[in-house]
Amino acid sequence: MMIVNDMYEKMGISPETVKKGRQICEDLKERFDRIDQVAEYNQLKVLNAFRECKVSEACLYGTTGYGYNDIGRDTLEEVYAQIFNTQAALVRPQITCGTHALALALMSNLRPGDELLSPVGKPYDTLEEVIGIRESKGSLKEYGIFYRQVDLLTDSSFDYDKIKEAINEKTKIVTIQRSKGYQTRKTFSVKEIGELIAFVKNIKSDVICMVDNCYGEFVETIEPSDVGADMVVGSLIKNPGGGLAPIGGYIAGRKDCIENAAYRLTSPGLGKEVGASLGVLKDFYQGLFLAPTVVASALKTSIFAANLFEKEGFKVVPDSTESRHDIIQAITLGSEERVCAFCEGIQSAAPVDSFVTPEPWDMPGYDAKVIMAAGAFVSGSSIELSADGPIKPPFAVYFQGGLTWPHGKTGILKAYQTMADRGLL
Ligand SMILES: *Cc1c(COP(=O)(O)O)cnc(C)c1O
């Protein structure tokens, strides 16, 4: 104990803060046990997929040029399909991020005149431009694809009556965002998503149900594709990349949907056959292998922070006890000084760029200044411990990630300490 206290002291974290943290961990033992059980289940799910798909050493080396017969790439896609319990998957470094993966899944499976429906309210910010909710070049709207939205009821439940009204003969895809992202609604459990999909399919059986799975992978033992989703879509610099994937996105789902996506990503006629994997396959495989325990670390970090800051009287979403369906945590800190101190603390506990001081800046696309803390191995990676806070009321910080639980815990303690040192608690 003494020795670890010394190490915390080197980080500028006081014995009192360490003690507070220790008490909270004591109280969270049972909860952390359950998280470890989910990680154990998911680790076996991933391992079995590797075994059944016969991942070999040769799979770890990439191809160049056209990338014909890239055994590593093709096997990895089988592994993803196995894990997500789908017929096929597209997992590529050529899919540049989560937004790109979502745009690809939509644009490749919708045709002019079709309708897209979001029965869960407004989608993630970047999707607004993909759909054309905000005017944008190349949007679905420009291609004559219509969009309908049914907002959630005030208690975040589905408005089944309005959803029923909104589904019509043109409805081709229903898009469901699992994580709340940076909104105030709750994150849906996989079970709830399954109920919504069943409701939609009961009205129109041939609708394609797509789930934006960002931040949700491996948080539960089942994924939306286990409960009827035709496509699940996500980013490899979030959960399934395990912190090692340096780029990439995935779409797992029905064979015909994945084929459409592949022909759109490369070219009609070429589809999945081309697309060199270059040197990223080892990191894709190893990151996926680590992902279940990395996600468990991120979850523990979020829950620890919720408990620590709730005790200090701050509003935390999700709160200290509620069940988790993604890795994002929000804390309403109430002032610019607190938001900055929190982010500075997270930054100074980062393995990379610990010595820099983050400052609020006018980020493109935002209506207020934003401060961000990110000292990551992979630029912008949000499975690594990272935080950001818009400088406007109610002065909330949003954070997520933590590749290891001891690091996540240290980052949160350092954020807390920085606030304490400035008399902000
Ligand atoms: C991160 C995220 C996206 C977009 O992913 P990027 O990789 O940032 O483009 C979409 N939806 C949700 C819910 C997300 O969390």
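For the structure itself, consult the block above.
Summarised in this report is the structure supplied together with it.

Scoring rules and cut-offs
- All residue numbers refer to position in the chain's written sequence, counted from 1.
- Totals for whole chains, interfaces and linings use every residue, but because this is a predicted model, local features are given only for residues with pLDDT of at least 70 and side-chain atom pairs only at 80 or more, for both listing and counting.
- No hydrogens and no water enter the side-chain calculation; it runs on all heavy atoms of the structure.
- What counts as an axis is a line fitted to C-alpha atoms, over the stretch in contact for a helix, and the angles between N-to-C directions run from 0 to 180 degrees.
- Only DSSP runs of H or I with at least four residues qualify as helices, and only runs of E with at least two residues qualify as strands; both kinds are numbered from the N terminus onward.
- Angle categories: roughly parallel below 35 degrees, roughly antiparallel above 145, roughly perpendicular from 65 to 115, and oblique for all the rest.
- The contact criterion used throughout is that any non-hydrogen atoms of two residues lie within 4.5 Å.
- Three classes are used, and their members are as follows: Ala, Val, Leu, Ile, Met, Phe, Trp, Tyr, Cys and Pro are nonpolar, Asp, Glu, Lys and Arg are charged, and the others, Gly among them, are polar.
- Note on terminology: near, applied to a residue and a molecule or strand, indicates that one of the residue's heavy atoms is within 4 Å of it.
- By the criterion applied in these results, polar contacts are pairs of N or O atoms within 3.5 Å in which, for protein atoms, one can donate a hydrogen and the other can accept it, and in which residues neighboring in sequence qualify only through two side-chain atoms.
- Using the Shrake-Rupley algorithm and a 1.4 Å probe, accessible areas are obtained, with residue cover drawn only from the displayed protein chains.
- Pairs of strands are assigned from DSSP output, requiring at least two bridges between the strands.
- Residues enter a patch when their relative accessible area is above 30% and they make no salt bridge; the linking distance is 9 Å between like charges and 5 Å between nonpolar side chains (Val, Leu, Ile, Met, Phe, Trp, Tyr).
- Salt bridges, as used here, are contacts in which a Lys or Arg side-chain nitrogen is within 4 Å of a carboxyl oxygen on Asp or Glu.
- Burial classes: relative accessible area under 20% of the type maximum marks a residue as buried, over 50% as exposed, and values in between as partly exposed (1.4 Å probe, protein chains only).
- Working definition of a nonpolar core: buried Ala, Val, Leu, Ile, Met, Phe, Trp, Tyr and Cys residues. They are joined through side-chain atoms within 4.5 Å.

## Focus on the packing of helix α3 (residues 29–52) against helix α10 (residues 281–311)
Closest axis-to-axis distance for the α3/α10 pair is 9 Å, and the angle between their directions is 170°. With respect to α10, the element α3 is oriented roughly antiparallel. In this structure, α3 uses R31, F32, I35, D36, A39, N42, Q43, V46, L47 and F50 to contact α10, whose residues at the interface are Y285, L288, F289, P292, T293, A296, L299, K300 and I303. For the contact of α3 with α10, the per-class residue count stands at 13 nonpolar, three polar and three charged.

## Quick word on the site of the ligand
The local shell around the ligand consists of C97, G98, T99, L102, Y124, Q177, D212, C214, Y215, S235 and K238. In this structure, D212 approaches the ligand through a side-chain N or O atom, which is 2.6 Å from a nitrogen atom. Relative to its free-state accessible area of 380 Å², the ligand is covered by the protein chains to the extent of 89%. Ranked by residues supplied to the shell around the ligand, first place goes to helix α5 (residues 98–109) with three residues. Looking at the shell around the ligand, its residues break down into five nonpolar, four polar and two charged.

## Looking at the sheet that holds strand β12 (residues 396–400)
By definition, the strands of a sheet pair up through backbone hydrogen bonds, in either a parallel or an antiparallel sense. The strand order across the open sheet built from five strands is β8-β9-β12-β11-β10, with neighbouring strands paired in antiparallel fashion. Every other strand in the sheet has two partners, leaving β8 (315–317) and β10 (370–374) as the edge strands with one partner each. Shown here is a sheet whose adjacent strand axes are inclined to one another by a mean of 15°, direction ignored. Pairing of strand β9 (residues 329–332) with β12 involves four bridges; the strand directions are antiparallel. Looking at β12, one finds that I331 is bridged to V397.

## Looking at the sheet that holds strand β2 (residues 115–118)
Strand order in this open sheet of seven strands is β1-β7-β6-β5-β4-β2-β3, and the pairing throughout is mixed. The open sheet terminates on both sides in strands that have one partner only, identified here as β1 (88–92) and β3 (146–149). Each neighbouring strand pair of the sheet contributes to a mean axis angle of 20°, computed without reference to strand direction. In this sheet, strand β7 (residues 249–253) lies alongside strand β6 (residues 231–235) in antiparallel orientation, the contact comprising five bridges. When the sheet's bridge partners are listed, G234 is paired in β7 with Y250. Strands in contact with α5 are β1, β2, β4 (171–177), β5 (208–212), β6 and β7; relative to β6, the strand with the most contacts, it is inclined by about 150°.

## Remarks on a nonpolar patch on the surface
Residues L44, L47, F289 and L290 make up a contiguous nonpolar surface patch of roughly 300 Å² in combined accessible area. For the nonpolar patch, the secondary structure elements donating two or more residues are α3 and α10. Structurally, L290 can be placed in helix α10.

## Re the pairing of strand β11 (residues 386–390)
With respect to burial, β11 is a largely interior element, four of its five residues being buried. In this structure, β10 lies alongside β11, joined through five bridges in antiparallel fashion. Paired with M372 across the two strands is D388, which belongs to β11. The pairing of β11 with β12 spans three bridges and is antiparallel. Opposite A387, over in β12, you have F399 as the bridge partner. Where β11 folds back onto β12 in an antiparallel hairpin, the turn is made up of five residues, including F395, whose phi is positive at roughly 55°.

## Observations regarding the nonpolar core
Inside soluble globular proteins, nonpolar side chains tend to come together where they are buried. Membership of the largest hydrophobic core comes to 94 residues, with the highest contact counts inside it found for Y80, L288, F309, I331, L333, F342 and I412. Of all the elements, α10 adds the most residues to this core, at 16 residues. Those residues in contact with F309 that lie beyond four places of it in its chain are F314, V316, I331, L333, F342, I412, Y416 and M419. If you look at the next biggest cluster of nonpolar residues, it comprises 28 residues, including L90, V130, A261 and L265.

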